[in-house]
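Structural overview for review
Take a look at the letters that make up each chain.
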Amino acid sequence: MWRDMKTAIALMFAIFLGSHVEAHAQTPAQFYRGRNMDLLVGYAPGGLNDALSRVVAHHLRKHIPGQPNIVVRNMSAAGAIGIANHMFNAAERDGSVIASLDRTGAQLAIRGEMAVRFDPLEFTWLGSVSSFEQDAYLLLVNSQHPATSADALRMAGGKAIIGSVGAGSTNQVFAMLASEALKLNVETIKGYRGTGPIFLAMQSGEVDGVVTGLSTMTTTQADLWNSKKVRPLIQFGRLQRHPLLLDVPTGRELAPDPETLALIAFAELPFAMSRPFIAPPGIPADRAQALRSAFMLTMKDAEFRSDLEKMNFDDLSPIDGDAVLKLVLDAVKTPRSIIERYNLIEKASG
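Procedures and definitions
- Residues numbered from 1 in each chain as written.
- Predicted model: local features only at pLDDT ≥ 70, side-chain atom pairs only at ≥ 80, totals over all residues.
- Heavy atoms only, no water.
- Helix = DSSP H or I, 4+ residues; strand = E, 2+ residues; numbered from the N terminus.
- Buried < 20%, exposed > 50% of the residue type's maximum accessible area, 1.4 Å probe, protein only.
- Contact = heavy atoms within 4.5 Å.
- Areas by Shrake-Rupley, 256 points an atom, 1.4 Å probe, with all protein chains shown as cover.
- Lys, Arg positive; Asp, Glu negative; His and termini not counted.
- Charge placed at Lys NZ, Arg CZ, Asp CG, Glu CD.
- Patch = residues over 30% accessible without salt bridge, like charges linked within 9 Å, V, L, I, M, F, W, Y side chains within 5 Å.
- Salt bridge = Lys/Arg side-chain N within 4 Å of Asp/Glu carboxyl O.
- Pairing = 2+ DSSP bridges.
- Right-handed = clockwise from strand over helix to strand, strands pointing away.
- Phe/Tyr/Trp six-rings, centres within 6.5 Å; stacked < 30°, edge-to-face > 60°.
- Axes fitted to C-alpha atoms, helices over the stretch in contact; angles between N-to-C directions.
- Parallel < 35°, antiparallel > 145°, perpendicular 65-115°, else oblique.
- Left-handed = near helix turned anticlockwise from the far one by under 90°.

This part is about the overall build of the protein. Looking only at helices and strands, one finds 16 helices and eleven strands in the protein. Taken over the C-alpha atoms alone, the protein extends approximately 90 × 45 × 30 Å along its principal axes. Within the protein, the fraction of its 350 residues that count as buried is 49%. Long-range pairs, those at least 24 residues apart, make up 78% of the contacts in the protein with a sequence separation of at least 6. Only carbon and sulfur atoms are counted for the fraction: they give 55% of the accessible area of the protein, which is about 16,500 Å². On the protein, the mean spot of the 34 positive side-chain charges and the mean spot of the 35 negative ones are 2 Å from each other.

Given below as structure tokens:
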């Protein structure tokens, strides 16, 4: 009986090993042809991230050898960290699962967030739809405000009250960076439900300004922007000044010392990889390369670009997987003292 069991086990192992070797011996086209792939999204259906992921899925399949069917699956309960944890620890590592990752995921891991169960250096980075090249994150005030420059908020009597969404929000954190790191006389009023109510508060005089994206201003607040009823004082999220804002300094230009410059660079990491897509670690190298190549071909696809225009997505500035990985590698090298300084600012934002 024991001999029979040993024979059965050996046979099962041989079948498993044979199928495993056969799967890995397949070309990418053979592997993907007729296959369903999953694209996981950590957001509920209907939002921008979900819509963008669906457009990517629709066009990406055309550029993957074998043209698999890509099914978008929403895991909204997982959130930014949950999706990354799943991709690192549970997703199939055969190239059949990819995901749209929240832009803060890598930064959260580097910061030491307790819930993180992944190493961002080990993901198969496909690339990012946006590197924020067409956008900027602005600290701006009403045009009636006496401050005509960021330096004016360092002078005696200079002060700006900034409205923000609340604890941990990007606009709150960057308002605090302006105060704590750049030494500007900026205070915040938290608790607004989005930038729309903040703009109403600006018009009533309840607050002086807001931190928000240039793309937000040129789309949802075009009247205020085009009539110059707001004045940008700083642009974050950029290495150089935006072509439309050549007279507005970047946060990095205003950094008073190398440590603060490193702090701002670390804070801006999510902007540089605004819409990243990943596959799990350890997938076969030829499939990883096929997915990376397909992603960048999708970014150049005229039909894909046309669909983005129809959904008013205005920051198509793609970077490939190697560029995203370099951003993560550089961020990992940030001195721990700088990261702890950022963590204190983010904690204080609550």
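So, on to a nonpolar patch on the surface. On the surface, Leu121, Leu329 and Val332 cluster together to form a nonpolar patch covering roughly 200 Å² of accessible area. Relative to the assigned elements, leucine 121 resides in the loop between α5 (105–111) and β4 (124–128).

Below, the discussion takes up the pairing of strand β7 (residues 186–189). Consecutive side chains of a regular strand alternate in pointing toward one face of the sheet and then the other. With four bridges connecting them, strand β6 (residues 160–163) and β7 associate as parallel partners. Its bridge partner lying in β7, glycine 163 is registered against isoleucine 189. After leaving β6, the chain enters helix α6 (residues 170–180) and then returns to the sheet as β7, a path that is right-handed.

Let us now look at the packing of aromatic side chains. If you walk through the whole model with that rule in mind, you get eleven aromatic pairs. Between phenylalanine 174 and phenylalanine 271, the aromatic rings sit 5.4 Å apart at their centres with planes inclined by 55°, giving tilted as the arrangement. Residue phenylalanine 174 is located in helix α6, and its partner phenylalanine 271 is located in helix α12 (residues 269–272); the two are separated by 97 residues in the primary sequence. Accessibility assignment for this pair places phenylalanine 174 and phenylalanine 271 in one class, buried. Ring geometry for phenylalanine 266 versus tyrosine 342: centroids 5.6 Å apart, planes at 80°, classification edge-to-face. Taken together, the residues span a long stretch of sequence, with phenylalanine 266 in helix α11 (residues 258–267) and tyrosine 342 in helix α16 (residues 336–348) at a distance of 76 residues. Residue tyrosine 342 is classed as buried on the basis of its relative accessible area of 5%.

Tracing the backbone shows aspartate 286 in helix α13 (residues 285–300). By relative accessible area, aspartate 286 is classed as partly exposed at 34%. In sequence terms aspartate 286 and asparagine 69 are 217 residues apart; their C-alpha atoms lie 19 Å from each other. Excluding residues within four positions of it along the chain, aspartate 286 makes contact with Gln26 and Pro28.

Looking now at the packing of α6 against α16. α16 packs onto α6 with a crossing angle of 120° between their chain directions and a minimal axis gap of 9 Å. Looking at the two axes, α6 sits oblique to α16. Every pair of crossing elements has a handedness; the one defined by α6 and α16 is right-handed. Taking contact as the criterion, the partners of Val173, Met176, Leu177 and Glu180 in α6 are, on α16, Arg341, Tyr342, Ile345, Glu346 and Ala348.

A separate point is the sheet that holds strand β3 (residues 97–100). A sheet is described by the order of its strands in space; here six strands give the open sequence β2-β1-β3-β10-β4-β11, paired in mixed fashion. For this open sheet the edge positions go to β2 (69–74) and β11 (319–320), each flanked by a neighbour on one side alone. In this sheet, β3 lies alongside strand β1 (residues 36–41) in parallel orientation, the contact comprising four bridges. Each bridged residue has a counterpart across the sheet, and for leucine 40 the counterpart in β3 is alanine 99. On the sheet, helix α3 (residues 48–63) packs against β1, β2, β3 and β10 (276–279) and is oriented at approximately 165° with respect to β2. In this fold helix α4 (residues 79–89) packs onto β1, β3 and β10, with an angle of close to 160° to the strand it touches most, β3.

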